[in-house]
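A look at the structure
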Amino acid sequence: MRFAPHTDEDVARMLETIGARAVDELFEVIPERFRLSELPAIAPGLSEAEVLRDLAARASKNRSVEDLVCFLGAGSYDHHVPSVVWPILSRGEFATSYTPYQPELSQGVLQALFEYQTMICELTGLDISNAGLYDGASGLAEGVNMAIGATGRTKVVIAGALDMRYTGVLRTQGTGLHVEVARTLWTGEGTADLDAIAAAAADAAAVVVQHPNFFGCLEDVAAIAEVAHAAGARLIVHFDLTAAGILEPPGALGADIVVSEGQPFGNHLNFGGPYAGVLACRGDDVRRLPGRLAGETVDRNGKRAFVLTLQAREQHIRREKATSNICTNQTLNTLAVAMTLSWLGPQGLRELGERCLAKAHYARERLLEIPGTEPVFDAPFFKEFVVRLPAGARAVVARCAADGYLAGLAIDPGRAGFDNGLLVAVTEKRTREEIDGLADVIARACKEVA
Amino acid sequence: MLAPETPVIFERSRPARRASSMPLLDVPAATDAIPASMRRVRQPVLPEIAEPDLVRHYTRLSQRNYGIDLGFYPLGSCSMKYNPKLAEDAAALAGFRRLHPLQDESQIQGMLELLVELERALCELTGMAAVTFQPAAGAHGELVGLLLMRAWHEANGDQRRRVIIPDSAHGTNPASVRLGGYEVTEVPSGPDGLVDIDALERLIGPDVAGLMITNPNTLGLFERNIERIAGLIHGVGGLLYYDGANLNAIVGRCRPGDMGFDIVHMNLHKTFATPHGGGGPGAGPVAVAERLAPFLPSPRPTLDQGTGSYRWDHGDERSIGRVHGFHGNVGILVRAYAYIRALGAEGLRDVSSLAVLNANYLAARLKDTFDLAYPASPPMHEFVLTARKQKARGARAMDVAKRLIDHDVHPPTVYFPLVVEEAMMVEPTETEAIETLDAFVDAMLAVDREIDTDLHVLHTAPHTAPISRPDEARAARDLRARWHPPEIHAGELAGPDAKPSI
């Protein structure tokens with residue numbers, strides 16, 4: 001099929017105006033030896049019905065959380081996506097618009113971003129939020145670049161259990177700027193080791209902590225902030241915003257930069273993307289902020305208007321001196337975060353946090369009733385936790401999938417320092433019945449596997 | 001007509017209103033599980049609004065926004081073409097949209113198969129050997145390309161310092177070069193708008209890691225000396241990077257790999273028609289020549305020839321590592337795949353044919369009124385006008401652009417590329433009909449005539465948009481980047497340093 005409207009007659013008329021005999025003539029500027037004489041080896045085009053049938057056949061070869069009960073998290077969570085979000089964001093005015101560089105024609109997106117920024121400031125306890133980045137990992141990498149710019153140092157100290165994917169992205173993307181990534185281990189409680197951080201942070205640009213951390217444990221952000229600041233380093237907190245209704249915001253505890261993965265608010269699992277990168281900072285760091293920022297002003301007639309502001313930070317103005325290279329971000333996903341937070345409201349956000357908390361604690365209790373299953377960490381946790389199974393976690397997870405459950409993430413013993421670890425995530429969507437079912441299938445699987 | 005002003009959502013709030021509903025709390029509450037010191041004290045200020053008003057708020061906002069679905073969007077360098085709705089249906093299939101990125105390979109065979117087939121199609125269209133899907137957007141792809149360059153040179157025990165880019169390059173190029181740890185060397189464009197080969201010869205040396213270029217370049221002109229350029233860069237051991245921003249002009253007609261490029265990024269939200277979403281999400285996969293494939297980020301989807309199943313290939317120690325939290329913007333990859341399947345080989349070739357036809361038609365119709373910046377070089381899929389003559393008569397490119405809004409068209413890109421005075425860059429794309437192009441020409445000519453009859457109406461344009469020209473200087477000087485409840489003054493929350501002026 002095709003989407004171009006040209007008839008043969010249109011093409012003939014246009015060629016006549018141009019003064020060319022054939023469309024091929026317009027490509028004669030390409031040296032002949034590079035011009036393809038044959039069509040690319042791509043299958044012939046299909047009708048809409050055929051494309052969708054083909055895609056549906058591929059999709060049906062996957063087992064999604066539509067037919068598996070999802071206790072798998074580790075950075076991507078099966079929260080409820082409100083029905084209002086995508087029908088509205090799929091409107092062509094939002095979905096088919098470009099970056100809002102022409103404010104007169106982009107007031108809708110600009111105002112929605114301004115509202116988003118306000119919500120993120122409220123949830124993080126910081127003064128300034130940008131208008132979004134790619135995802136939680138890129139948000140963290142950008143936060144580190146801000147800290148490097150602010151301190152003139154290039155070392156980053158990882159406090160305790162940070163998602164290894166985030167560490168991986170920091171290492172890879174930091175090679176150009178010679179960023180040194182120093183890991184510190186976690187204590188027996190599962191939380192960051194303050195002495196180890198203090199020892200490593202002397203010449204660090206930033207201390208990075210995930211809160212709750214990769215194992216689900218709550219970190220003592222205020223204490224880590226003190227250690228980081230004593231060393232002259234910035235504190236970057238990768239914060240789970242679904243806990244923001246019940247946990248004190250990191251900004252109020254001393255964090256200088258808060259980053260987050262916006263996926264849990266209105267963004268589908270999407271096999272890992274597109275998600276939404278969140279970044280907020282203190283007012284005095286605004287000149288180092290990466291990416292776009294929406295601001296309020298007035299138009300010629302004194303009417304309220306919204307624009308992209310402080311653009312002199314950005315690549316299209318500042319080129320190699322820009323605070324980041326980011327251009328296209330993930331605005332539509334960022335707006336999904338804003339719509340979902342508006343749907344939740346303060347009451348809904350608190351209830352969301354309380355439900356995740358309660359259901360995760362119930363699940364942990366139930367799993368610990370399985371003979372041979374042990375707790376790994378004792379620190380307070382939010383919606384994710386680790387248990388140690390009496391059998392190989394990978395085999396148990398595979399067995400549970402056959403019973404219709406994504407039981408969690410089998411933790412790599414080489415990285416974690418303990419074996420048979422299972423990381424379980426429980427969102428507000430999981431029911432008591434599903435949690436009881438999980439305990440049953442894990443118990444059965446442990447017996448079969450062992 | 002775009003809709004009138006709508007209050008900021010917080011201004012619609014009424015205490016105790018809400019839109020959300022929560023699943024039953026069917027287990028004991030765990031309120032005490034959080035230490036008091038970590039408990040949130042002050043609840044965040046979030047909108048308190050019922051669902052009907054929430055829907056109306058965002059619908060009203062959408063009506064204050066312009067998209068391709070409303071009309072012509074000839075933003076140069078942005079390839080704002082029609083985004084097929086079938087791709088949205090494809091991406092919304094539960095088997096893709098509700099797939100967790102850490103599921104076992106046995107549960108995601110259809111997903112991996114699609115990615116492997118998409119890789120094959122993108123390699124075929126670019127003439128490259130292997131792809132990473134992790135980069136989330138074009139600029140992210142650029143950074144990955146530069147890190148690949150770095151890894152390649154380091155593997156050869158080679159320390160290099162500089163990356164060359166044309167002076168007409170998009171701003172992301174120099175910004176990415178710096179993040180990749182290299183210095184930027186700019187090569188000037190000649191009077192024909194193409195890379196000045198003599199200047200390039202003077203700039204190259206053994207410390208050059210590579211050259212980044214779009215082809216056609218950011219002026220919409222094909223770099224016909226590309227073989228010579230590739231020879232010069234490869235001659236000093238450098239790598240050639242293809243910025244795929246303008247791939248729409250050549251898809252199905254010629255391939256970066258055949259021209260000597262080693263690394264290619266593609267903007268799927270341009271050439272492969274995935275919607276731009278008001279600034280994203282896009283996807284910026286990077287394709288490389290065979291010799292660079294081992295350095296690509298890992299893991300990559302692959303077909304295991306032994307088992308006949310699809311799996312993740314984690315590569316070896318040569319991989320630069322991970323650049324995305326998971327596997328890239330897969331929702332966008334599914335859309336691009338659906339687009340490729342719909343168009344097929346012939347349809348993809350029509351894309352470049354008709355995009356170039358449309359641009360040449362517009363250029364032919366406009367060139368007597370607005371000067372072409374490079375009249376001697378035939379344009380490809382886009383062209384740059386200069387409003388020099390209009391400026392002499394009192395109207396700048398920005399005035400022309402803003403007045404076009406009153407004619408129901410989105411303005412072209414203005415003041416870019418930086419090397420052209422009063423630049424207006426027009427990219428019609430292939431999905432526009434001749435009537436739309438003619439209406440745009442009529443609007444451009446009408447605005448030009450107005451310079452002599454009613455200059456004031458240009459200077460004060462637009463007149464029919466939701467707002468007139470905003471005070472951008474004030475926005476930066478008196479920074480208001482969040483909403484504040486009326487009783488609290490902005491300065492009290494944000495502190496004295498929150499009002500920079502840069």
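Above this text is the structure in question.
Below: a short report on this structure. It should be emphasised that the depicted structure is a prediction, and the values quoted were computed from it without experimental measurement.

Scoring rules and cut-offs
- Residues numbered from 1 in each chain as written.
- Chains lettered and ligands numbered in written order.
- Predicted model: local features only at pLDDT ≥ 70, side-chain atom pairs only at ≥ 80, totals over all residues.
- Pairing = 2+ DSSP bridges.
- Helix = DSSP H or I, 4+ residues; strand = E, 2+ residues; numbered from the N terminus.
- Axes fitted to C-alpha atoms, helices over the stretch in contact; angles between N-to-C directions.
- Contact = placed C-beta atoms within 7 Å.
- Buried ≥ 20, exposed ≤ 12 C-beta atoms within 10 Å, placed from the backbone.
- Core = buried A, V, L, I, M, F, W, Y, C linked by C-beta atoms within 7 Å.

Bringing the sheet that holds strand β6 (residues 263-266) of chain B into the picture now. Within a sheet, adjacent strands bond to each other through the backbone by hydrogen bonds, running parallel or antiparallel. Residues and elements named next belong to chain B. Spatial strand order, β1-β7-β6-β5-β4-β2-β3: seven strands in an open sheet with mixed pairing. On the outer flanks of this sheet lie β1 (130-132) and β3 (183-187), each paired with one strand and no other. Taking the axes of each pair of neighbouring strands and ignoring which way they run, one obtains an average angle of 25 degrees across the sheet. Relative to strand β5 (residues 239-244), strand β4 (residues 208-213) runs parallel, the two sharing four bridges. For Ile213, the partnering residue across the bridge sits in β5 and is Tyr242. This element, helix α6 (residues 172-179), spans β2 (162-166), β3, β4 and β5 of the sheet and lies at about 175 degrees to β2.

Once that is clear, we can look at unusual backbone geometry. All names here are of chain B. Across the junction of Ser298 and Pro299, the peptide omega takes the value 0 degrees, indicating a cis bond. Looking at the element boundaries, Pro299 is found in the loop between β7 (286-288) and β8 (300-303). At the junction of Phe416 and Pro417, the peptide bond is cis and its omega measures out at -5 degrees in the coordinates. If you trace the backbone, Pro417 turns up in the loop between β12 (413-414) and β13 (423-426). Although it is not a glycine, Asp408 sits at a positive phi angle of roughly 65 degrees. Counting through the fold element by element, Asp408 comes out in the loop between α11 (397-405) and β12. Judged by the 15 C-beta atoms lying within 10 Å of it, Asp408 falls in the partly exposed class.

Moving on, we come to the sheet that holds strand β15 (residues 421-425) of chain A. Residues and elements named next belong to chain A. Pairing is antiparallel in the open sheet, where four strands are placed in the order β11-β12-β15-β14. The open sheet terminates on both sides in strands that have one partner only, identified here as β11 (374-375) and β14 (409-410). Inspection of the sheet shows β14 paired to β15 by two bridges, in the antiparallel sense. Counterpart to Leu409 in the pairing with β15 is Leu423. Here helix α11 (residues 331-368) sits on the sheet and contacts β11, β12 (384-388) and β15; the angle it forms with β12, its principal contact strand, is near 5 degrees.

Another aspect to go through is the nonpolar core. Among soluble globular proteins, nonpolar side chains are generally buried collectively. Formed by 326 residues in total, the largest nonpolar core has its most connected members in Phe71(A), Val207(A), Val208(A), Ile224(A), Leu148(B) and Ile263(B). The dominant element in this core, judged by the number of residues it contributes, is helix α9 (residues 330-366) of chain B, at 24 residues. Non-local contacts of Ile224(A), meaning those with residues more than four positions away in its chain, are made with Ala159(A), Ala192(A), Leu194(A), Ile197(A), Val207(A), Val209(A), Glu219(A) and Leu235(A).

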